[in-house]
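Fold and contact review
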Amino acid sequence: MKIDFDKLGNGLVPAIIQDASTSKVLMLGFMNQEAFDKTQAEGKVTFYSRTKNRLWTKGEESGNFLNVVSIMIDCDNDTLLIKANPAGPTCHTGSDTCFNEKNDTDIAFLTHLQDFIDKRKAEMPEGSYTTSLFKKGTRKITQKVGEEAIETVIGAMANDDENFLYEGADLLYHLIVLLAHKGYRIEDLARELKKRHQ
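First, a word on what this report is: a plain description of the structure on this page. These numbers come from a predicted model, not from an experiment.

Quick notes on the sheet that holds strand S6 (residues 80-86)
If you walk across this open sheet you meet the four strands as S2-S1-S6-S5, and the pairing is mixed. Of all the strands in the sheet, just strand S2 (25-31) and strand S5 (66-73) have a single pairing partner and so form its edges. If you compare each strand with its neighbour and ignore which way they point, the axes differ by 25° on average.

Focus on the packing of aromatic side chains
For the structure on display, the rule yields two aromatic pairs. Each ring, one from Tyr129 and one from Tyr173, has its centre 6.3 Å from the other, and the planes form 25°; the classification is stacked. Of this pair, Tyr129 sits in helix H3 (residues 129-136) while Tyr173 sits in helix H5 (residues 161-181), and the two are 44 residues apart along the sequence. Across from the ring centre of Phe65, 4.9 Å away, lies the NZ or CZ of Lys44, which sits over that ring.

Some details on the nonpolar core
Counting 17 residues, the largest nonpolar core has Ile17, Met31, Leu80 and Ile82 as its most contacted members. Taken together, the elements giving at least two residues each to this core come down to strand S1 (13-19), S2, helix H1 (33-42), S5 and S6. For Leu80, the contacting residues outside a window of four places in its chain are Ile3, Val13, Pro14, Ala15, Ile16, Met31, Phe36, Ile71, Met72 and Ile73. Core analysis: the next-biggest nonpolar cluster, separate from the first, contains 13 residues, Ile117, Val145, Tyr173 and Ala180 among them.

Conventions we followed
- Residues numbered from 1 in each chain as written.
- Predicted model: local features only at pLDDT ≥ 70, side-chain atom pairs only at ≥ 80, totals over all residues.
- Heavy atoms only, no water.
- Pairing = 2+ DSSP bridges.
- Helix = DSSP H or I, 4+ residues; strand = E, 2+ residues; numbered from the N terminus.
- Axes fitted to C-alpha atoms, helices over the stretch in contact; angles between N-to-C directions.
- Phe/Tyr/Trp six-rings, centres within 6.5 Å; stacked < 30°, edge-to-face > 60°.
- Lys NZ or Arg CZ within 6 Å of the ring centre and 35° of its normal.
- Core = buried A, V, L, I, M, F, W, Y, C linked by side-chain atoms within 4.5 Å.
- Buried < 20%, exposed > 50% of the residue type's maximum accessible area, 1.4 Å probe, protein only.
- Contact = heavy atoms within 4.5 Å.

Without other data, these values stay purely geometric and don't point to any function.
What follows is the structure, given as structure tokens:
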């Protein structure tokens, strides 16, 4: 990945910071070569502050760091898109974003849960319920999916909304475990639904 900062007028490029989980734009800052190198080396977003006239790591005072997930360069090699996980509100005002937007989408948690379950599958830590399911294999995982589906239906038929949602969440969790066990992700189901919708 290479940007020629010297080729650009003032040696600065805009860096758009996007939440890796929610896809919300958190802020815009500027980077010079030194800020870019430090961001890559340390995994925390560092800008060149035009007002302070120095490097500035976001969160250096507040602790609300922007932990880098990925860095992309646009087609003209003069703008960065950095996907990051924020360690707190991004804006100095205390707002989630510098555009005063709430940075939460509950649906994005499913990707986080999938990542967590994939990590459990890779590491298989002792004492983890998810690990125990993976160890027991397809038969046990599918049995749990079936049990939770029945319990979800019972909650719905009984008009017990609290139990319906609770059991539905259990169903979804066990379905994601089954997907991971079979080498798939929740996004694969989303793609299939999207294909049908089109």
